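Fold and geometry: a report
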Amino acid sequence: MDIRKNLLRIKAELPDHVTLVAVTKTKSVELIKQAYDAGHRQFGENKVQEMVEKQARLPDDVEWHMIGHVQRNKVKYMAPFVNLIHGVDSLKLLKEIDKQAQKHQRKIACLLQIKIASEESKFGISKADAHALLISDELATLKHIEIKGLMGMATFTDDENIIREEFKFLASCVEEFRSLERSNVTFDVLSMGMSGDYNIAIAHGSTMVRIGSSIFGSRS
Ligand SMILES: *Cc1c(COP(=O)(O)O)cnc(C)c1O
């Protein structure tokens, strides 16, 4: 795997308004360092423990993205440094993130993960539940979180029509929620697209793609 070459090829392909999060889960610090040395700074992990260990061994200017499902009792470990938490799926979790961010006198940026796939294995909340969360009075009291947008994962399938419909649906949620923007809620980020489907995601309005295997090779 020529990590540098893969990374630079993908970056050259992406439109300017799309941010690349290089997904490094299961990959060693040595491999991540190759991407870092090629100039990349945004990395994504799906387990808090693994991210914390790698963060300690990589330079401070790395931006760490938590892209996995987050347990509330793990938030405290990443609160000092995490750049964006993509998988927020409840007000309870947001309250914990707010509490931990406050301890470090910072604001933590979050995305709400909407369940767009039909598969049981994918996390996320329904559009209706996201709407209820966004209009709740309690959300306004959380001064140490900032909701920046939405995240979603399409069904793992060869059927591009299914993927297209799911991404379209997520993009339509962003448009609908835009009227709910307030001081700690904006919808500038739409995190959708992985190695197998990022071109479709970008065609439907993605502003952030999360790509692992096309850069680092397949995971065992
Ligand atoms: C693993 C993972 C990715 C990257 O998947 P690839 O197919 O390797 O690009 C993206 N998003 C999430 C949430 C992931 O868990």
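Cut-offs applied
Residues numbered from 1 in each chain as written. Predicted model: local features only at pLDDT ≥ 70, side-chain atom pairs only at ≥ 80, totals over all residues. Heavy atoms only, no water. Salt bridge = Lys/Arg side-chain N within 4 Å of Asp/Glu carboxyl O. Buried < 20%, exposed > 50% of the residue type's maximum accessible area, 1.4 Å probe, protein only. Helix = DSSP H or I, 4+ residues; strand = E, 2+ residues; numbered from the N terminus. Near = heavy atom within 4 Å. Polar contact = N/O pair within 3.5 Å; in protein donor to acceptor, adjacent residues only side chain to side chain. Areas by Shrake-Rupley, 256 points an atom, 1.4 Å probe, with all protein chains shown as cover. Nonpolar A, V, L, I, M, F, W, Y, C, P; charged D, E, K, R; others polar. Contact = heavy atoms within 4.5 Å. Phe/Tyr/Trp six-rings, centres within 6.5 Å; stacked < 30°, edge-to-face > 60°.

On to the pattern of salt bridges. Side-chain pairing between opposite charges can occur once the charged atoms of the two side chains come close. Applying the stated rule across the entire model yields 13 salt bridges. As a salt-bridge pair, Glu 45 and Lys 54 come within 2.8 Å of each other at their nearest N and O atoms. On the basis of relative accessibility, which here comes to 0%, the residue Glu 45 falls in the buried class. One salt bridge in this structure joins Glu 50 and Lys 54, with 2.8 Å as the shortest N-O distance. In this pair, Glu 50 and Lys 54 both sit in helix α3 (residues 48-57), four residues apart, roughly one turn of the helix.

Let's shift gears to the site of the ligand. Surrounding the ligand, one finds Val 23, Lys 25, Ile 67, Met 151, Met 153, Met 194, Ser 195, Arg 210, Ile 211, Gly 212, Ser 213 and Arg 219. Within the side chain of Lys 25, a nitrogen or oxygen atom sits 2.6 Å from an oxygen atom of the ligand. Between the ligand and Gly 212 there is a distance of 2.8 Å, counted from an oxygen atom to a backbone nitrogen or oxygen. Coverage of the ligand by the protein chains reaches 91% of its 390 Å² of free accessible surface. Residues belonging to the shell around the ligand are distributed by class as follows: six nonpolar, three polar and three charged.

As for its placement among the helices and strands, Ser 206 is situated in the loop between α9 (198-203) and β8 (208-211). The class of Ser 206 is buried, set by a relative accessible area of 0%. Polar side-chain contacts of Ser 206 include one of 3.4 Å to the backbone oxygen of Leu 190. At 2.7 Å, the side chain of Ser 206 forms a polar contact with the backbone oxygen of Met 192. Apart from residues lying up to four places away in sequence, Ser 206 is in contact with His 17, Val 18, Leu 190, Met 192 and Ala 201.

Time to look at the packing of aromatic side chains. Applying the stated rule across the entire model yields two aromatic pairs. Ring centres of Phe 43 and Trp 64 lie 6.1 Å apart, and the angle between their planes is 45°; this geometry places the pair in the tilted category. With Phe 43 in strand β2 (residues 42-45) and Trp 64 in strand β3 (residues 63-66), this residue pair connects regions lying 21 residues apart in the sequence. Comparing Phe 43 with Trp 64 shows no difference in burial state: the two are buried. Ring geometry for Phe 177 against Phe 187: centres 6.0 Å apart, planes inclined by 45°, an arrangement best described as tilted. Taken together, the positions of Phe 177 in helix α8 (residues 160-177) and Phe 187 in strand β7 (residues 185-191) put the pair ten residues apart, joining distant regions of the chain. The residues Phe 177 and Phe 187 share a single accessibility class, namely buried.

Nothing here speaks to function; it is all geometry.
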